[in-house]
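So the chains spell out like this:
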Amino acid sequence: MNIQIDFLTIFMLVKFSLVNDISDNDLYKKLICLGGENLDSENDPHRHITGETQFDKSNNVKIITDAKIETIINSYDFLFANIIDVDTKKKLISAIKSLLATHNEISPEETIGSNYFTKQSILTMDSFCFPILLASIIKYVVVRKNKHRYDFKTYREEIKKFYDEVTTENLKLLPLEATTVNEKDTSKVNKSAFDKLFKEIKSDKLPNEFKNNSDIKIYMLNIRNSKFDLGNLHTFIRDNIEHYVMSFLEEKAYYDEGTAKHLIDDAINKFLDNTKGQNFIDVYSKLMLYIFMECGLGAPKLFNAIEIPEKNIASDGVYYLKGGTISDKPMLVLGASNTFPSLEKALENSLIQAELIAKNQDDLISFISPSFLKLRFDQDNLSFIVDKLIKAEGLLENEASFGIFLSYSLNETNDGSMTQQDFINHIKEKMEQDITNAIPLIYEKIKSHNLQNYSFFVFVLPLTEVNSDVSYVIKKFSRGETNV
């Protein structure tokens, strides 16, 4: 029996597990649209189910591929609660295990959809949280090519026979609220897209003594036709803007209510409202700080300044770095960001801001309460945050650090005398030299602003010319509106 591991197979296994019969399109909406409406005006969802039209041709696939695994899990927990009973959930899990066991081309170490499972872990486990496994297997199969099943009816019968013959194992089902996540992905921003757009410059020219005390990271935007790829930068910001302006629970509500297709537009409107009247350079700096903190450092936000415009806070954002990431202790990372034509000016202004933040840490977080954090930060170790932010005296003297984003004008263009690769190499060398020259200044400024007891994470992103490039990116992703 040649049963494939693809979306059609998993779709049919779920279909056979339903205690209440629903149409294929309704089940498709639950599995792929997370309860919302079909986003494809041209493609019949049934063509995706049979493989006639592949998922990479569908607007709907972005819902699954772009959504955080926790978002899908919470949606499935609600959507499948009453249409698959406990015994049938166990049978479906046993069918998934049996299906994986028959495919030797999948290595035991291969990740199945998320960092929750590998093939080996699924085969050896006897306790499962059903929505976590279903979300992971769907994440896994939607990116695998479906064979177009001209023999759809025959293949459906083969899957039914396979499903009926599966021996239900003695499994324990765990409720979602009782499940401990082993390795939770802290980054909401699309990490794979970030890694394709930004290239970290590894330099042996940076002095070792700087790395021992702080962390500096240099990034370069992809270059297209000998220019920085600003087009894909504004697309990347647009695709991730909802994470910047909204809390996890606000985003989840869109999926729960079946209105996910409005999420990005609503997020852009909220962004425009909250940045009305602000300088677009400052807006860009704060937004990029968030992106680099989440993806470059893996430190998720507690809150951004944009979420609380009524508060006049010195920091551009407050982030939480899990213990074991950089040091053995968790850290609160206080954000500062600046964009100027010169790297020196951007650095000086960021450290002035950092000094102001350090002097007013109590004011910065005085309004935070546990209920505020629960709405904005769905992460483990919440007790650490609450204890340190709210209860501790001598607020975070040892665990606090600064995350600084700097952007400046590189003032380098290709006049046609270099190949694209030669130009890229030239840009890398220029950026490395700029940072190398700036390191003594960084040391001097940190000491002069009495910040030597803090750790620093510095992200540097040059642009060709900051005023024109930033104006293009911000106005382009926000539909050309001029609130900022």
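Going by the structure above, here's the rest.
Because the structure is predicted, anything quoted here is derived from the model rather than measured.

The rules behind these values
- Within each chain, residues carry numbers counting from 1 in the order of the written sequence.
- In view of the model being predicted, local features appear only for residues whose pLDDT reaches at least 70, and side-chain atom pairs are presented and counted only at 80 or more, with totals across whole chains, interfaces and linings using the full set of residues.
- Hydrogens and water molecules were not included; the side-chain quantities draw on all heavy atoms of the structure.
- For the purposes of this entry, the term helix denotes a DSSP run of H or I that reaches at least four residues, the term strand denotes a run of E that reaches at least two, and both are numbered from the N terminus.
- The cut-offs for exposure are 20% and 50% of the maximum accessible area for each residue type, with area from a 1.4 Å probe on protein chains only; residues under the lower value are buried, those over the upper are exposed, and the others partly exposed.
- Exposure was quantified through the Shrake-Rupley algorithm and a 1.4 Å probe, taking into account, for residues, occlusion by the shown protein chains and nothing else.
- Axis lines are fitted through C-alpha atoms, for helices just across the contact stretch, and the angle between N-to-C directions can take any value from 0 to 180 degrees.
- Oblique is the label for any angle not under 35 degrees, not over 145, and not in the 65 to 115 range, which are roughly parallel, roughly antiparallel and roughly perpendicular in turn.
- For any pair of crossing helices, the crossing counts as left-handed if the nearer helix is rotated counterclockwise from the farther one by less than a right angle, and right-handed if it is rotated clockwise.
- A contact between two residues is defined here by any heavy atoms of the two lying within 4.5 Å.
- Three classes are used, and their members are as follows: Ala, Val, Leu, Ile, Met, Phe, Trp, Tyr, Cys and Pro are nonpolar, Asp, Glu, Lys and Arg are charged, and the others, Gly among them, are polar.
- To estimate the expected span of a helix, subtract one from its residue number and multiply by 1.5 Å.
- Consider a residue and the seven residues that end there alongside the seven that start there; fitting an axis to each set, the bend is the angle between those axes.
- Each reported salt bridge corresponds to a side-chain nitrogen of Lys or Arg within 4 Å of a carboxyl oxygen of Asp or Glu.

Q: Quick rundown of the overall build of the chain? Include the residues and the values.
A: Summing up its helical and strand segments, the chain has 21 helices and 11 strands in all. For the chain, with 484 residues in total, the buried portion stands at 54%. For the chain, the exposed surface amounts to about 21600 Å²; the carbon and sulfur share of it is 45%.

Q: With reference to specific residues and values, describe the packing of helix H1 (residues 7–17) against helix H9 (residues 152–165).
A: In the contact formed by H1 and H9, the axes pass within 10 Å of each other and the chain directions differ by 60°. On the basis of their axis angle, the class for H1 and H9 is oblique. Taken as a pair, H1 and H9 cross one another with a handedness that is right-handed. Contacts from Leu8, Thr9, Met12, Leu13, Lys15, Phe16 and Ser17 of H1 reach H9 at Phe152, Tyr155, Arg156, Ile159, Lys160, Phe162 and Tyr163. Across the contact of H1 with H9, the residue classes break down as nine nonpolar, two polar and three charged.

Q: I'd like to hear about helix H12 (residues 230–245), residue by residue, with values.
A: The end-to-end C-alpha distance of H12, which contains 16 residues, comes to 22 Å, matching closely the 22 Å that a straight helix rising 1.5 Å per residue would cover. Helix geometry: H12 is bent most strongly at Asp239, by close to 45°. Along H12, the positions that sit buried rather than exposed are Leu230, Leu233, His234, Phe236, Ile237, Asn240, Ile241, Glu242, His243, Tyr244 and Val245.

Q: Tell me about unusual backbone geometry, and please be specific about residues and values.
A: Backbone geometry follows two general trends: most residues other than glycine have a negative phi, and most peptide bonds adopt the trans configuration. The backbone phi angle of Leu34 is positive, close to 55°, even though this residue is not glycine. Tracing the backbone shows Leu34 in the loop between helix H2 (24–31) and helix H3 (45–50). Of note, the phi angle at Asn411 is positive, near 55°, even though the residue is not glycine. Of note, Asn411 is situated in the loop between strand S10 (400–409) and helix H20 (420–448). Of the residues examined, Asn411 reaches a relative accessible area of 57% and is grouped as exposed.

Q: Residues and numbers for the pattern of salt bridges, please.
A: As enumerated under the stated definition, the model contains seven salt bridges in all. Across the salt bridge formed by Arg238 and Asp239, the nearest N and O atoms sit 3.7 Å from each other. By relative accessible area, Arg238 is classed as partly exposed at 33%. Given a relative accessible area of 25%, Asp239 falls into the partly exposed group.

Q: I'd love a proper account of the side chain of Glu355, names of residues and values included.
A: Tracing the chain through its elements places Glu355 in helix H16 (residues 343–359). On the accessibility criterion, Glu355 (17% relative accessible area) is buried.

Q: So what's going on with the packing of H1 against helix H8 (residues 130–141)? Which residues, and what values?
A: The contact between H1 and H8 brings their axes to 9 Å, and the two run at 150°. Taken together, the axis directions place H1 and H8 in an arrangement best described as roughly antiparallel. Between H1 and H8, the residues in contact are Phe7, Ile10 and Val14 and Leu134, Ile137, Ile138 and Val141, respectively.

Note that every value here comes from positions in space, so none of it alone points to a role or purpose.
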